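A look at the structure
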Amino acid sequence: MSDYIAPLQDIRFALNELAGLARIAELPGCEEATPEMVDAILDEAAKISAGVLAPINKSGDAEGCKLEPGFHVRTPAGCKEAYRQFIEGGWNGLNFPQEFGGQGLPKLVATPVMEMAMAANLGLSLCSLLTGGAIEALLRYGTDAQKQTYLPNMIAGTWSGTMNLTEPQAGSDLSLIRSRAQPEGEHHRIYGQKIFITHGEHDMVDNIIHLVLARTPDAPEGVKGISLFVVPKFLVNADGSLGRRNDVRCVSLEHKLGIHTSPTAVLAYGDEEGAIGYLVGAENRGLEYMFVMMNEARFAVGLQGVAIADRAYQHAVAYAKERIQGKDLANPAGKSVSIIHHPDIRRMLMSMRALTESTRAVAYVTGAAIDRAHGEPDPAAREAARAFADFMIPIHKGWATEAGVEVANLGIQVHGGMGFVEETGAAQYLRDARITTIYEGTTGIQANDLIGRKTAREGGKTAKAIIAQMQGLLEQLAAAPGGDMQAIRSALAEAVAAFESCVDWIVANFRSDTLAVHAGAVPFLKLAGIVCGGWQMARAALIAQQQLAAGGADAAFCSAKIATTRFYADTFLAQAAGLRHTVMCTGAGAMALTEQQF
Amino acid sequence: MRVLVAVKRVVDYNVKVRVKADGTGVDLANVKMSMNPFDEIACEEAVRLKEAGVATEVVAVSCGVTACQETLRSAMALGADRGILVESEAELQPLAVAKLLQAVVNKEAPQLVLLGKQAIDDDSNQVGQMLASLMGWPQATFASKVVIAGDKASVTREIDGGLETLELKLPAVVTSDLRLNEPRYAALPSIMKAKKKPLAVIKPSDLGVDVSPRLSTLKVAEPPKRSAGVRVPDVKQLVDKLRNEAKVLP
Amino acid sequence: MTVLVIAEHDGALLKSATLNTISAAAKLGGDIHVLVAGAGCGAAAAAAAQVAGVAKVLLADAAHYQDQGAENLAALVLAQAGAYTHLLLPATSFGKNIAPRVAAKLDVAQISDIVSVEAADTFVRPIYAGNALATVKSSDGVKVITVRSTAFEAAGQGGSAPVEAIAAGPDLGLSRLVGRELTKSARPELAAAKIVVSGGRGMGSAENYSKFLDPIADKLNAALGASRAAVDAGYAPNDYQVGQTGKIVAPQLYLAIGISGAIQHLAGMKDAKVIVAINKDPDAPIFQVADYGLIGDLFQLVPQLTAELG
Ligand SMILES: Cc1cc2nc3c(=O)[nH]c(=O)nc-3n(C[C@H](O)[C@H](O)[C@H](O)COP(=O)(O)OP(=O)(O)OC[C@H]3O[C@@H](n4cnc5c(N)ncnc54)[C@H](O)[C@@H]3O)c2cc1C
Ligand SMILES: Cc1cc2nc3c(=O)[nH]c(=O)nc-3n(C[C@H](O)[C@H](O)[C@H](O)COP(=O)(O)OP(=O)(O)OC[C@H]3O[C@@H](n4cnc5c(N)ncnc54)[C@H](O)[C@@H]3O)c2cc1C
């Protein structure tokens, strides 16, 4: 069946035209990210994703991970070799500092590389994702000695990292964390159980560096009493060699709906003498650190939505071109045709395509903002980028992952019965996609963040700044020739208006009618996603039109971009008005029943 | 010992090319281009020779348009030390390329020139042999194994009936077959380092080579299409059809 | 106009591709001479003399032609080239090795792998793995050409050309043959066989390849072929490879067994008269070119087919 082919053309378009790679390459420290360099990087990343990671996606799913005696986890055949090839290529360290062996490239360059690896093999790519999170944490909050001890091997990928937040009683609400950290000289002894730990134990690396949230003896209750510890699977000797095994073990693996290549572990800390852990940063500030880190992790998980959508889309297109069934409505007397001739299949494929391209556009624009929030020399520009990125991250995470599920779901529908059976591979994408709306904060949690911290708390300031940019674009669209552009403009104008009135409503009612506002949170997130996606797609269509007029561009690509945007306008932007109603009115019904009535 | 590798920029092997409607050629607009796969193998072999301490320097050469610089960067990302682009917008036919390479070889004085056995665009399978001929050097085409010992190369070749091993006096030309090696994926740090490796650009006129084409293409056509036949339900019917319908079996 | 065909032979017999090359030469019009160079190859020269349409055979018999090395043979051909308008070689590993060497020294283009002669200076040749056919015209005084054997009939018998011994060129001593490992087979030569049975990666192992394919090839008196993936995996020797970068075949009947049908493979066999595909994947691209497709497990179907062939 169809193999993964990296969508390099759309990736490059999103990078260069929408996210502004050229500007990122001007930021201090990002000078290496020249267009030719990025081109070469993308080409090779596409090759290794398609050639090394993708081929074991299906077999890894079928085989899954196994917990073996000695608390050892065996990953599916070929995973270790593929992972090794990936890290030996230096891909793990792409956006980490050169000081510790990384390549120091901007987030925006890491973004498409991650997308391709995730699309090729979501489960396997998680290992690097979590390692990246742990690296970030140590880079920001670790001591120099901790950095020296752990970072070079983690950046090289020969050691992986994990994030240990969740406990049986503490999921979305981390204030309930109970794991204990007992001080003992230079270190602490960690006791407790962590669940759902991605790549918590596996055989692809030499050591695993766990970052663990736990409470010290006198810590205050709630979120302000949680500290962050680094707990290596094998203790590291002074000379950097591996010492004895720490008191942390994988006691079971989850049996999951998807991402079977990624072991999800239950980790027991301190069953014997207590696991040795080292405090990262200041005591009791662990959760605060985690929240800073979480932005990056949420960004990456949002990207998983884009990636899986793209993979499912490619798969469905290939099938729709091959499967012969039914007559062409335009030629009912003719032979049976491939199903891509049928309008309903077209509608589904275009929905998949439009969602993939729009979530990608939003992701890359957000990625660029993260770079600018770190690197813009002008403090005001830096702050504006930070505010934009902070606002966009829950939208991107929530909307792109929900879109990924929707696209994978449509992908199955395009396949008909062949989608429901496992052989075609279409089902795996839905199973794999399904986790993305859950981990790193469910869609509900993202939506709460969006309406609360990101909107109401600042009186809708960033939202309004974004709306102003959208209005600027509407003016440009008004001046653009052609019926498509006008249809896009009017759909976007209505959607922006709906979005703006919802922002105002949330700001006005957040305190006074908090239940109703929270009931509308996820619909609002979806509305925000659709509007931001439409905004970026409309920009893309405008640029495509200009490129076509200038000549020399790929006419097929540009006209498809315009047509996809038009479809997006009529299909998704058109939902905005309905969502406005839902945002503002769903609360009444949602909260109407008493608990007993359920 | 210096090794020269010739690398060509061609349509990526995954692309299914389409003949232009006006019959003037194939449609190359916005088509993905890559290094010719056989050249990639040649480059990998050169780099392995360097890693094995046999070669001291690997120089990649490409002849063609400005964008061939990307191909040279790819070669350098695989491990070539520097690149030379003989830049020309003109159509370069194998004889012209061989002459350009001859001029470069005369300057660079390599002991070994590695090339792909053929380029997957025009499928000519000529340049290596032509270069060897112009230099008066021995050649080993279709190589599946190369061993260098002193001033001799022992090369195993894939020939029609099997394999043969030749011993060549260096300097020599070797062209790679598919099974010579499996090229590595370029590592990210190497891609970044490649950017900083020297890349010289020269013109055919600097080398005093006349590159005018000797063959003119009158037309390019789509080959006759084979259409899908029928599915047969079982072996019995297959044999029946082969005997009585296709008449290819007695 | 006189054409020189450089014969590929084994000392005693002409290789069949030489006969196809002579047919291509006949399409040009003009006299056809055949050069037979080797060591103790008088029998091959005599065989060449009997090929219909051949006007003269040149025989260069010297020890240093024994190995058919490109350097010495190219030099010999060059010495003769002055008398000819066209030099033709088969597009085999033998011909491809020599023709460009000759052309370069003559300072003329070499025209590879022609499938048709349109005029004395105009030829058709496949490019892009056979996905396009280019008609090219040469402006050079001498045309150095390699000929795709499957595109031309084999020349018949009935000639009686004189054999003229010519002086051998010097031994350049640039290269030395150390050894050959030729695949021994009693089967017909792959490139010329009427029936080819080819196995792909679907065969699963070298043992399976011979266990399942030998019997059917025996029954059909067929040559065995393979996809690149099968060769790379070690199921079949490398000279079995059919495709863009392997052998080009155009048999009456081609059986593709456990081969998916990548364009590079199709490039080598799509001119077969009848293609049969056996594959368990109904979507395998091979079915788009197969005249008869049988969907199912080859490990069941191939033994059935062998039995059915009786
Ligand atoms: C495969 C997998 C891998 C994981 N990897 C890791 C990992 O590496 N490290 C780690 O620490 N954790 C990991 N997790 C845990 C994951 O982050 C949690 O599952 C997630 O945060 C949700 O927590 P929960 O499962 O306890 O659900 P709950 O918090 O119990 O949520 C249940 C439902 O309630 C909703 N909800 C909860 N609180 C609120 C609220 N305040 N407002 C509105 N709705 C609310 C949620 O949206 C959800 O719909 C992983 C989980 C899985 C399944
Ligand atoms: C530069 C270049 C040149 C190339 N040149 C050539 C060339 O000259 N010749 C060539 O062949 N390839 C060539 N290739 C490789 C080509 O692209 C393909 O990779 C190759 O042809 C695939 O071989 P395959 O069909 O045997 O393997 P696969 O594509 O893996 O197909 C195996 C097939 O076997 C079927 N199968 C498996 N088990 C069974 C069973 N039990 N029963 C029935 N069917 C089964 C499967 O359904 C599948 O269709 C070249 C590639 C490149 C890049």
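Every value quoted in this text rests on a predicted model; they were computed, and no experiment measured them. (Residues numbered from 1 in each chain as written. Chains lettered and ligands numbered in written order. Predicted model: local features only at pLDDT ≥ 70, side-chain atom pairs only at ≥ 80, totals over all residues. Heavy atoms only, no water.)

**Looking at the site of ligand 2**
- Near ligand 2 there are 28 residues, and of these Arg201, Ser227, Thr245, Ser260 and Asn279 of chain C occur at the shortest range.
- Per-site note: the chains with residues close to ligand 2 are chains B and C.
- Between an oxygen atom of ligand 2 and a main-chain N or O atom of Gly246 of chain C, the distance comes to 3.3 Å.
- Starting from 990 Å² of accessible surface for ligand 2 in isolation, the protein chains cover 85%.
- Elements represented by at least two residues in the shell around ligand 2 include exactly helix H6 (228-232), helix H7 (263-269) and helix H8 (298-308) of chain C.
- Of the residues in the shell around ligand 2, the class split is 9 nonpolar, 14 polar and 5 charged. (Near = heavy atom within 4 Å. Polar contact = N/O pair within 3.5 Å; in protein donor to acceptor, adjacent residues only side chain to side chain. Areas by Shrake-Rupley, 256 points an atom, 1.4 Å probe, with all protein chains shown as cover. Helix = DSSP H or I, 4+ residues; strand = E, 2+ residues; numbered from the N terminus. Nonpolar A, V, L, I, M, F, W, Y, C, P; charged D, E, K, R; others polar.)

**Details of unusual backbone geometry**
- The omega angle of the peptide bond from Leu170 of chain B to Pro171 of chain B is 0°, so this bond is cis rather than trans.
- The topology assignment puts Pro171 of chain B in the loop between strand E9 (162-169) and strand E10 (172-176).
- The residue Ile259 of chain A is not glycine, and still its phi comes out positive at about 35°.
- Within the secondary structure layout, Ile259 of chain A lies in the loop between strand E10 (248-253) and strand E11 (264-269).

**Some details on the pattern of salt bridges**
Residue and element names in this part refer to chain B.
- Under the definition given, this model contains 71 salt bridges over all chains.
- Across the pair Asp177 and Lys117 runs a salt bridge whose closest N-O atoms are separated by 3.3 Å. Taken together, the positions of Asp177 in the loop between E10 and helix H5 (188-194) and Lys117 in the loop between strand E6 (112-116) and helix H4 (127-135) put the pair 60 residues apart, joining distant regions of the chain.
- By relative accessible area, which is 7% here, Lys117 ends up buried. (Salt bridge = Lys/Arg side-chain N within 4 Å of Asp/Glu carboxyl O. Buried < 20%, exposed > 50% of the residue type's maximum accessible area, 1.4 Å probe, protein only.)

**Quick word on the interface of chain A and chain B**
- Contact residues are listed per partner, giving 22 residues for chain A and 12 residues for chain B.
- The three residues of chain A that bury the most area against chain B are Met37, Glu44 and Gln103 of chain A, which together make up 32% of that side's buried surface.
- In this structure, the connection of chain A to chain B is made through 4 salt bridges.
- For Lys47 of chain A, the salt bridge goes to Glu40 of chain B, with nearest N and O atoms at 3.3 Å.
- Taken together, the connections running from chain A to chain B amount to 5 residue pairs in polar contact (both at pLDDT 80 or more).
- Those elements that provide at least two residues to the side of chain A that touches chain B are helix H3 (35-53) and helix H5 (79-88) of chain A.
- Of all the elements, H3 of chain A adds the most residues to the side of chain A that touches chain B, at 10 residues.
- Residue composition of the side of chain A that touches chain B, grouped by class: 9 nonpolar, 6 polar and 7 charged. (Contact = heavy atoms within 4.5 Å. Buried area = accessible area lost by both parts, 1.4 Å probe.)

**Comments concerning the pairing of strand E1 (residues 2-6) of chain C**
All names here are of chain C.
- With 5 of its 5 residues buried, E1 lies for the most part within the structure.
- Pairing of E1 with strand E2 (residues 31-38), which is carried by 5 bridges, proceeds in the parallel orientation. Along E2, the bridge assignment pairs Val5 with Val34.
- A crossover connection joins E1 to the parallel E2 through helix H1 (residues 16-28); in handedness this β-α-β unit is right-handed. (Pairing = 2+ DSSP bridges. Right-handed = clockwise from strand over helix to strand, strands pointing away.)

**A few points about helix H19 (residues 555-571) of chain A**
Residue and element names in this part refer to chain A.
- For H19, which comprises 17 residues, the first-to-last C-alpha distance of 24 Å matches the rise-based estimate of 24 Å (1.5 Å per residue) to within 8%.
- Residues of H19 that are buried include every one of Phe557, Cys558, Lys561, Ile562, Thr564, Thr565, Phe567, Tyr568 and Ala569, and no others.
- Tucked inside the fold, the buried residues of H19 contact helix H1 (8-18), helix H10 (343-375), helix H11 (379-415), helix H16 (483-509) and helix H18 (521-550).
- The backbone nitrogen of Ala556 lies 3.1 Å from a side-chain oxygen of the residue at the head of H19, namely Asp554. (Expected span 1.5 Å × (residues − 1).)

**A word on the site of ligand 1**
All names here are of chain A.
- Close to ligand 1 lie 19 residues, the nearest being Thr166, Ser172, Phe196, Thr198 and Thr442.
- Within the side chain of Thr166, a nitrogen or oxygen atom sits 2.6 Å from a nitrogen atom of ligand 1.
- Asn448 has a polar side-chain atom sitting 2.9 Å from a nitrogen atom of ligand 1.
- Here ligand 1 loses 62% of its free accessible area of 960 Å² to cover by the protein chains.
- For the shell around ligand 1, the secondary-structure elements that each account for two or more residues are strand E3 (159-164), strand E5 (187-198) and helix H14 (443-451).
- Broken down by element, the shell around ligand 1 gets its largest block of residues, 3 residues, from E5.
- Of the residues contributing to the shell around ligand 1, the split by class is 9 nonpolar, 8 polar and 2 charged.

**Brief notes about helix H5 (residues 206-220) of chain C**
Residues and elements named next belong to chain C.
- With 15 residues, H5 extends 21 Å from end C-alpha to end C-alpha; this agrees with the ideal 21 Å at 1.5 Å per step.
- For H5, the principal kink sits at Leu213 and spans about 35°; a proline, Pro215, occurs within the next four residues.
- Next to the buried residues of H5 lie strand E12 (195-199), strand E13 (223-226), strand E14 (253-257) and H8.
- Positive phi shows up at Asn221, right after H5, with a value of about 50°. (Bend = angle between axes of the 7 residues up to and from the residue.)

**Focus on the environment of Ala6 of chain A**
All names here are of chain A.
- Relative to the helices and strands, Ala6 resides in the segment before H1.
- Given a relative accessible area of 11%, Ala6 falls into the buried group.
- Considered as a pair, Ala6 and Glu115 are 109 residues apart in the sequence and their alpha carbons are 9.1 Å apart.
- Ignoring anything within four residues of it in the chain, the contact list for Ala6 reads Ala46 and Met116.

**Remarks on the domain arrangement of chain C**
All names here are of chain C.
- Domain annotation for chain C reports domain 1 (2-165) and domain 2 (190-308).
- Distance from the C-alpha centre of domain 1 to the C-alpha centre of domain 2: 30 Å.
- Every contact between the two is made by 6 residues of domain 1 and, on the other side, 9 residues of domain 2.
- For the pair domain 1 and domain 2, the summed buried area comes to about 650 Å², and 53% of that belongs to carbon and sulfur atoms.
- Area buried by domain 1 at its contact with domain 2 is led by Ala129, Arg148 and Thr150, which between them contribute 66% of it.
- The interface formed by domain 1 and domain 2 contains 0 salt bridges.
- Connecting domain 1 to domain 2 are 1 residue pair in polar contact (both at pLDDT 80 or more). (Domains from an automatic or database assignment.)

**Focus: the side chain of Thr455 of chain A**
- Mapped onto the secondary structure, Thr455 of chain A falls in the loop between H14 and helix H15 (461-479).
- Every residue in contact with Thr455 of chain A, bar those within four places of it in the chain, is listed here: Phe391, Leu450, Gly460, Val503, Ile506, Val507 and Phe524 of chain A.

**A closer look at the sheet that holds E14 of chain C**
- Here we have 6 strands laid out as an open sheet, ordered E13(B)-E16(C)-E15(C)-E14(C)-E12(C)-E13(C), and parallel in their pairing. Edge positions in the sheet fall to strand E13 (230-231) of chain B together with E13 of chain C, since each of these pairs with one other strand and no more.
- As defined by bridge partners, strand E15 (residues 274-279) of chain C adjoins strand E16 (residues 292-295) of chain C across 4 bridges and the pair is classed as parallel. By the bridge assignment for E16 of chain C, Ala277 of chain C is matched with Gly293 of chain C.
- Running over the sheet, H8 of chain C touches E14, E15 and E16 of chain C and is turned about 135° from E15 of chain C. (Axes fitted to C-alpha atoms, helices over the stretch in contact; angles between N-to-C directions.)

**Quick word on the state of the cysteines**
Residues and elements named next belong to chain B.
- This structure, assessed with the given rule, holds 0 disulfides over all chains.
- A disulfide-free cysteine, Cys68 has its sulfur positioned 8.1 Å from the sulfur of Cys63, the nearest such atom.
- Here Cys68 falls in the buried class, since its relative accessible area comes to 3%. (Disulfide = S-S within 2.5 Å.)

**Describing the nonpolar core**
- In this structure, Ile41, Trp91 and Phe524 of chain A are the most contacted members of the largest nonpolar core, which totals 231 residues.
- Considering each element in turn, this core owes the most residues, 19 residues, to helix H9 (residues 286-322) of chain A.
- What Trp91 of chain A contacts, discounting residues up to four positions off in sequence, is Ile41, Glu44, Ala45, Ile48, Phe86 and Val113 of chain A together with Ala186, Leu188 and Ile191 of chain B.
- Within the second largest apolar cluster, 58 residues are counted, among which are Ile84 and Val127 of chain B together with Ile6 and Ala81 of chain C. (Core = buried A, V, L, I, M, F, W, Y, C linked by side-chain atoms within 4.5 Å.)

**Some points on the sheet that holds strand E5 (residues 82-87) of chain B**
- Reading across from one edge, E11(B)-E5(B)-E4(B)-E1(B)-E6(B)-E10(B)-E7(B)-E8(B)-E9(B)-E11(C) is the order of the 10 strands in this open sheet, with mixed pairing throughout. The sheet is open, and its two edges are formed by strand E11 (199-202) of chain B together with strand E11 (175-182) of chain C, each paired on a single side. Within this sheet the neighbouring strands show an average axis-to-axis angle of 25°, counted without direction.
- Contacting strand E1 (2-6), strand E4 (57-64), E6, strand E7 (139-149) and E10 of chain B, helix H1 (residues 37-51) of chain B crosses the sheet at an angle of about 150° to E6 of chain B.

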